[in-house]
Amino acid sequence: MSNLWNIEMNKQNSNTKCFEVLDWLNRTTLDIIGRAGLGTDIDSLTNPEAPLRDAYRRCFEFDIQARVINGLAAFTPLVRLLPVRANRDMAKARSIILDHATRIIYNKASTEEESSKVHHKDIIGLIVKNNLTASKEDFLTVETMRDQVMTFLGAGHDTTATTAAWTLLLLAKNPEIQGRLRNEIRSHMPFLFDADTREDVSKVNHADVDLLPYLEDVCKESLRYIPSIPMTVRKTIEDDTLGGYFVPGGTTIYLMANCINRLPTYWGDTANTFDPTRWKNLPDTYTTNAFMTFLQGPRGCVGRKFAEVEMKTILCALLSKYTFELDANVQDPEELKMWRLVLRPRDGVSLKVSLLN
Ligand code: HEM
């Protein structure tokens, strides 16, 4: 991504340019989940109109018709049958994603013979390989594996891209936090700041983003402050009592991560402030379940560690090359938060990006 940004800057003979970073990050994380999760090159970075990227763009359309149809469909699924553009777009997007997922599985399966010899590292490669020797009960059908591919593609890129984009916005709003973070990255990974060494594989392979404590706190704080999945739904399986209220079995519960993550009851008076230092000084009222960005428990996000490492890696790569400032020509994206599967700004996140001196 940063190499492509440099090309764009060079075209304008400038060291500074405004980029809509959310779209760029979406393409980056789609390519990453393609390679790391599915062992396939999606190439949406070099080809912004790649069919898969286009399909996800359609899924997240924010125009008025899409908003009305999706809002109504939450209560009356029959609305999905109406012959309107928003439904046709969703159906087309679904068929493109299904088609890609099916092709990925068939490509993997066709190399089954060799796969027992190949050292697969991607998740689907490992699943296909495991299937070769799986017992009857553990054997996965092509349809099940295809659904896994679709889940990983869907769950595994937009969430991380949106969080990374919000983080860059928060860093642009807080230059002192951005500066402190860059200093930490410089002291742990000086090679990233030198054009001759930043892509040196032997150095990159030895770098460990989990060793940077302030980076950890910035990421956790950004994930707390703006959770990319702000709400999820569960149904109670039996009668229970919650916070003193009787809740009958079968009740639908809306879990509002964006509220819980900012409740002063747990986080104290500064709950509504973006402050990475809070993580070194949590109040006694804090509890693990006050952080609901990935949910908690056995049905929490299985990709949490992957997402955290991915986010940290992206931040190290970008902050070692650029500074980020607010784009004075656009409304503050935080004022334009909209929820459509993930909580993203209506017009994306446009930032002024400048090459570091
Ligand atoms: C910042 C990034 C991410 C956030 C905030 C996030 C958040 C979540 C949340 C809240 C859920 C539970 C949804 C529900 O049950 O209603 C979930 C589920 C899931 N996530 Fe993530 N996720 C992120 C990144 C990822 C990544 C990178 C992957 C894949 C590598 C991934 C894979 C999954 C899968 C497979 C599930 C379904 C788990 C299940 O139902 O048992 N997620 N995620």
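The shown structure was predicted, so the numbers you read here are calculated from the model rather than taken from an experiment.

Novice: Residues and numbers for the site of the ligand, please.
Specialist: As a matter of local geometry, the ligand sits amid 22 residues, with Thr232, Arg234, Arg299, Cys301 and Val302 nearest to it. One of the side-chain nitrogen or oxygen atoms of arginine 299 is found 2.7 Å away from an oxygen atom of the ligand. If you list the elements that add at least two residues to the shell around the ligand, you get α8 (142–155), α9 (158–173), β2 (231–235) and α15 (304–319). Of the residues contributing to the shell around the ligand, the split by class is 11 nonpolar, 9 polar and 2 charged. A domain split of the shell around the ligand shows at least three residues from each of domain 1 (1–19 + 157–226 + 258–357) and domain 2 (49–156).

Novice: Can you explain the domain arrangement of the chain? Please cite residues and give values.
Specialist: Domain annotation for the chain reports domain 1 (1–19 + 157–226 + 258–357) and domain 2 (49–156). In this structure, domain 1 and domain 2 have C-alpha centres spaced 27 Å apart. Residue-level contacts link 12 residues of domain 1 with 15 residues of domain 2. Taken together, both faces of the contact between domain 1 and domain 2 bury some 1100 Å²; the carbon and sulfur share is 59%.

Novice: Could you give an account of the pairing of strand β1 (residues 16–20), with specific residues and numbers?
Specialist: Because side chains alternate across β1, one face comprises the buried residues Lys17 and Phe19, and the other comprises Thr16, Cys18 and Glu20, none of which is buried. Looking at chain direction, β1 and strand β9 (residues 350–355) are connected through 5 bridges and run antiparallel. Residue pairing across strands places threonine 16 opposite serine 354, the latter belonging to β9.

Novice: So what about the environment of glycine 154? Which residues, and what values?
Specialist: In this fold, glycine 154 is placed in helix α8. Take glycine 154: its relative accessible area is 31%, and that puts it in the partly exposed class. Residues glycine 154 and isoleucine 33 lie 121 residues apart in sequence; the distance between their C-alpha atoms is 9.7 Å.

Novice: Before we move on, can you summarise the nonpolar core with the specific residues and values?
Specialist: In terms of nonpolar packing, the biggest core is built from 53 residues, with Trp5, Val21, Leu25, Leu318 and Phe324 touching the most fellow members. Contributing elements (two or more residues each) for this core: α1 (2–11), α2 (21–38), α9, α10 (175–188), α12 (213–225), α15, β6 (322–326) and β9. Per-element tally for this core: the top contributor is α9, with 9 residues. Setting aside residues no more than four positions away along its own chain, valine 21 makes contact with Trp5, Ala165, Leu168, Val349 and Leu351. Membership of the second largest hydrophobic core comes to 22 residues, among which are Leu30, Leu38, Ile97 and Val149.

Novice: Tell me about unusual backbone geometry, residues and numbers included.
Specialist: Unusually for a residue other than glycine, asparagine 13 sits at a positive phi of about 55°. Take asparagine 13: it is sitting in the loop between α1 and β1. With a relative accessible area of 76%, asparagine 13 lands in the exposed category. Positive phi values are uncommon outside glycine, yet aspartate 43 reaches one of about 60°. With respect to the helices and strands, aspartate 43 occurs in the loop between α2 and α3 (51–59). On the basis of relative accessibility, which here comes to 40%, the residue aspartate 43 falls in the partly exposed class.

Parameters at a glance
Residues numbered from 1 in each chain as written. Predicted model: local features only at pLDDT ≥ 70, side-chain atom pairs only at ≥ 80, totals over all residues. Heavy atoms only, no water. Near = heavy atom within 4 Å. Polar contact = N/O pair within 3.5 Å; in protein donor to acceptor, adjacent residues only side chain to side chain. Helix = DSSP H or I, 4+ residues; strand = E, 2+ residues; numbered from the N terminus. Nonpolar A, V, L, I, M, F, W, Y, C, P; charged D, E, K, R; others polar. Domains from an automatic or database assignment. Contact = heavy atoms within 4.5 Å. Buried area = accessible area lost by both parts, 1.4 Å probe. Buried < 20%, exposed > 50% of the residue type's maximum accessible area, 1.4 Å probe, protein only. Pairing = 2+ DSSP bridges. Core = buried A, V, L, I, M, F, W, Y, C linked by side-chain atoms within 4.5 Å.

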